[in-house]
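Architecture and fold: a report
Each chain, letter by letter, is given below.
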There are 2 protein chains.
Amino acid sequence: MITRETIEQAHERIKPYIHRTPVMTSAGLNEATGCSLYFKCENFQKIGAFKARGAVNAVLSLSPEARSKGIATHSSGNHAQAVARAARIAGVPAYIVMPRNAPEIKKRGVRAYGGQIFECEPTQEAREQMLARLIRETGAVLVHPFNDYAVIAGQATAAKELIEDVPVKLDVVLTPVGGGGLLSGTILAIKFFSPRTEVIAGEPAGSDDAYRSLQSGKIETAQAQTIADGLLTSLGDKTFAIIREHIGEIITVTDEEIVQAMRMIWERMKIIIEPSCAVPFAAVLKAKEKFSGKNVGIILSGGNVDLERACKLFAGIYK
Amino acid sequence: MITRETIEQAHERIKPYIHRTPVMTSAGLNEATGCSLYFKCENFQKIGAFKARGAVNAVLSLSPEARSKGIATHSSGNHAQAVARAARIAGVPAYIVMPRNAPEIKKRGVRAYGGQIFECEPTQEAREQMLARLIRETGAVLVHPFNDYAVIAGQATAAKELIEDVPVKLDVVLTPVGGGGLLSGTILAIKFFSPRTEVIAGEPAGSDDAYRSLQSGKIETAQAQTIADGLLTSLGDKTFAIIREHIGEIITVTDEEIVQAMRMIWERMKIIIEPSCAVPFAAVLKAKEKFSGKNVGIILSGGNVDLERACKLFAGIYK
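Residues numbered from 1 in each chain as written. Chains lettered and ligands numbered in written order. Predicted model: local features only at pLDDT ≥ 70, side-chain atom pairs only at ≥ 80, totals over all residues. Heavy atoms only, no water.

In this section: the nonpolar core. Counting 88 residues, the largest nonpolar core has W266 of chain A together with W266 of chain B as the members making the most contacts within it. Residues L183, A201, L235 and I250 of chain B belong to the second largest nonpolar core, which totals 34 residues. (Core = buried A, V, L, I, M, F, W, Y, C linked by side-chain atoms within 4.5 Å. Buried < 20%, exposed > 50% of the residue type's maximum accessible area, 1.4 Å probe, protein only.)

Now the structure itself:
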């Protein structure tokens, strides 16, 4: 399992290859919410998202022999770019299975890092079949998008930096939840480095499998009906076990609430975030009384959104 | 005239009321341009633009008696918000003349700071007539958007911070030029704090009065045919005198080049800048060979753009 030392070692391992992203504040958003917000800006991270952390840690944790035939993964987006980049750092090929309908900006990112894209139908089954075939044929090693302890330990370093860089004691830290890599990493970083801080997740109502999983006590399937295209997957057994034990609460938000939160961050903070990234701030807006007067950390997970798509979202066109 | 001490005193005076904005870099944009770019992010400044600096300096430089009847100005945008905020800091009224067609986001900003807006026709003459009447009727004191030494000294502090915060010696610093407040302030900061650095301005081809003024040796009138709505005005006698003596070069760029530069910064840096703010980066893209291999500072002047307007610009609709 992941210890305090695992996360510290991950941080040392990846430091040369990632940005220590800034923590931003906004007087306007503090006023609008009634709490003191500290935004950890992983939209400014390499590849535009926190996923750079986990992928670099996972690939560099492998022995040169283990990774010599390349790295394979499936991802609709940011993890794909992150693995392509991490493989390039290690000097080995990257084989990336992506759904046909993945955003063009994310496909371009994979190609820019020299990754080879294999397109499949946008179903979990099609992804897994193509990935299994690729691994069989190439001998590449899988770096799973979230259900992997090296990936989780890498994602944990974002919250570790946030804790180190804020001038206050955080009462709560929020992340979005999709497969649960960022959330479970954040939970462990908080457990080891700021144990009195609560961890809360925001989740799209249209893909609220993590919320339902907590209620039922088993991993529920994501319905994937949301504009937050980074949060379409179900939890894995490793992430679910960590989340289940330590999570404070999961707050679900509608697509309309996500777009409103995204717009407020664009307009007030002058930074670009993707829809999935707006989910925890949407949760704060929705449950203001819960956070009132508190020091609230939010991990802004990423900024990779086609501008045309963002324009449609702001115009109320949810396609 | 403005000395080294004037700028240092202005900096001390305004420090409690402004952000020391970050300097950002982008590996992707360095690669795209062939130079090392250091972006001074005044889009993250209070009111979303560098204008917060000059307005606070000008208002707080006035004696309590001189400012007791309030502050008046005319502005199509950021200076209006900046004066409204500075007047609120000083506890006096703000009377702001704005053209009817000023962006809604900027009018909202003025009202949010308690400023009173007086709308006029979008001509220089209408602005000045209404402003003169307001000053006569209220006894308010004028804080001019740019042709004022206290304003210029305030704007100079952005370049002063940039010089202090970059880890290298800058070969060039670029700003946009409209009325010339930021440019002349930058010129003086560079003269006193980094005298071997060259200052270059970017200017919209559709409002290239500063470019023409340098050629003719007298202040030419702005034609104001550009999407860069912060750069529609002609130079003043004070700004022209400073610019004329020290400027390296003015590079003009088309509206298409401005939108392309703006889009690159949004997509690669994940930050929001307004069209006027993209002008110096557009100049770097246009004259790449000139900047090749150099350390280049760019003052990103502001981030106040209606998202709907930005979406139209990206879609090629220049209205």
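What follows continues from the structure just given.
Here we take up the side chain of T175 of chain B. Mapped onto the secondary structure, T175 of chain B falls in strand 7 (residues 172–176). Excluding residues within four positions of it along the chain, T175 of chain B makes contact with L182, L183, T186, I200, A201, G202, P280 and I299 of chain B. (Helix = DSSP H or I, 4+ residues; strand = E, 2+ residues; numbered from the N terminus. Contact = heavy atoms within 4.5 Å.)

Once that is clear, we can look at the packing of aromatic side chains. Summed over all chains, the structure comprises 7 aromatic pairs over all chains. Judged by centre distance (6.0 Å) and plane angle (65°), the ring pair of F39 of chain A and F281 of chain A falls under edge-to-face. Here the residue F39 of chain A occupies a position in strand 2 (residues 36–41), and F281 of chain A occupies one in helix 12 (residues 279–286), the gap between them amounting to 242 residues. A single burial state applies to F39 of chain A and to F281 of chain A, both of which are buried. Their ring planes at 75° and their centres at 6.0 Å tell us that W266 of chain A and W266 of chain B sit as a pair that is edge-to-face. Linking W266 of chain A in helix 11 (residues 255–269) with W266 of chain B in helix 11 (residues 255–269), this pair reaches from one chain into another. Like W266 of chain A, the residue W266 of chain B is buried in the burial classification. (Phe/Tyr/Trp six-rings, centres within 6.5 Å; stacked < 30°, edge-to-face > 60°.)

It is worth spelling out the interface of chain B and chain A at this point. Facing 19 residues of chain B, the contacting portion of chain A comprises 19 residues. Regarding the contact of chain B and chain A, the summed buried area is about 1,700 Å², with carbon and sulfur atoms giving 64% of it. When the area that chain B buries against chain A is broken down by residue, the three leading residues are K270, I272 and L307 of chain B, summing to 37%. Along the contact surface separating chain B from chain A lie 2 salt bridges. In this structure, E308 of chain B and R263 of chain A form a salt bridge, with 2.8 Å as the shortest nitrogen-oxygen distance. Inspection of the region where chain B meets chain A yields 8 residue pairs in polar contact (both at pLDDT 80 or more). The class makeup of the residues in the side of chain B that touches chain A is 10 nonpolar, 4 polar and 5 charged. (Buried area = accessible area lost by both parts, 1.4 Å probe. Salt bridge = Lys/Arg side-chain N within 4 Å of Asp/Glu carboxyl O. Polar contact = N/O pair within 3.5 Å; in protein donor to acceptor, adjacent residues only side chain to side chain. Nonpolar A, V, L, I, M, F, W, Y, C, P; charged D, E, K, R; others polar.)

Before going further, it helps to examine the relation of the copies chain B and chain A. Expressed as a screw operation, the relation of chain B to chain A combines 0.0 Å of axial shift with a rotation of 180°, fitting to an RMSD of 0.0 Å. In short, the pair behaves as if placed about a two-fold rotation axis. Taking C-alpha positions as reference, the residue of chain B nearest the rotation axis is I271 of chain B, located at 2.1 Å. In this assembly, 100% of the residues forming the interface of chain B have copies in chain A that are likewise at the interface, indicating an isologous arrangement. (Least-squares fit on C-alpha atoms with pLDDT ≥ 70 in both.)

Next up on the list: the packing of helix 11 of chain A against helix 12 of chain A. Residues and elements named next belong to chain A. Where helix 11 contacts helix 12, the two axes come as close as 8 Å, and the packing angle between them is 100°. Regarding the angle of helix 11 to helix 12, the classification is roughly perpendicular. For the pair formed by helix 11 and helix 12, the contact residues are E257, I258, A261, M264 and I265 on the first element and V279, F281, A282, L285 and K286 on the second. Looking at the contact of helix 11 with helix 12 residue by residue, the class counts come to 8 nonpolar, no polar and 2 charged. (Axes fitted to C-alpha atoms, helices over the stretch in contact; angles between N-to-C directions. Parallel < 35°, antiparallel > 145°, perpendicular 65-115°, else oblique.)

This brings us to the domain arrangement of chain A. Residue and element names in this part refer to chain A. Domain annotation for chain A reports domain 1 (4–49 + 155–318) and domain 2 (52–142). Computed over C-alpha atoms, the centres of domain 1 and domain 2 are 23 Å apart. On the surface where domain 1 and domain 2 come into contact, there are 4 salt bridges. For the salt bridge of E161 with R53, the shortest nitrogen-to-oxygen distance reads 3.0 Å. For the pair domain 1 and domain 2, the interface holds 11 residue pairs in polar contact (both at pLDDT 80 or more). (Domains from an automatic or database assignment.)

Bringing the pattern of salt bridges into the picture now. On inspection of all chains with the given rule, the structure shows 44 salt bridges over all chains. A salt bridge links E8 of chain A to R4 of chain A; its shortest N-O distance comes to 3.4 Å. Here R4 of chain A and E8 of chain A lie together in helix 1 (residues 4–14), a separation of 4 residues that amounts to about one turn. The class for R4 of chain A is partly exposed, based on a relative accessible area of 35%. We note a salt bridge from R212 of chain B to E220 of chain B, for which the minimum N-O separation is 4.0 Å. The class of R212 of chain B is partly exposed, set by a relative accessible area of 25%. Connected via shared salt-bridge partners are R20, K160, E164 and D165 of chain A.

Neighbouring strands of a sheet are bound in pairs by backbone hydrogen bonds; such pairs are parallel or else antiparallel. Residue and element names in this part refer to chain B. Taken together, 4 strands build an open sheet; the order of strands is 5-4-3-6 and the sheet is parallel. The open sheet has two edge strands with one neighbour each: strand 5 (116–120) and strand 6 (141–142). Pairing geometry for strand 4 (residues 94–99) and strand 5, over 5 bridges, is parallel. Note on strand 5: the bridge partner recorded for M98 is E119. Packing against the sheet, helix 4 (residues 78–90) makes contact with strand 3 (71–74) and strand 4, and its axis sits at approximately 170° to strand 4. (Pairing = 2+ DSSP bridges.)

The next point concerns the environment of A282 of chain A. Along the chain, the position of A282 of chain A falls in helix 12. Those residues in contact with A282 of chain A that lie beyond four places of it in its chain are V253, E257, I258 and A261 of chain A.

Residue and element names in this part refer to chain B. Orientation of helix 3 (residues 51–61) relative to helix 7 (residues 149–165), taken along the N-to-C sense of each, is 135°, at an axis distance of 7 Å. Accordingly, the angle class assigned to the pair helix 3 and helix 7 is oblique. In the packing of helix 3 onto helix 7, the handedness of the crossing is right-handed. Seen from helix 3, the contacting residues are K51, R53, G54, N57, A58 and S61; seen from helix 7, they are A150, V151, A153, G154, Q155, T157, A158 and E161. When its residues are assigned to classes, the contact of helix 3 with helix 7 shows 5 nonpolar, 6 polar and 3 charged. (Left-handed = near helix turned anticlockwise from the far one by under 90°.)

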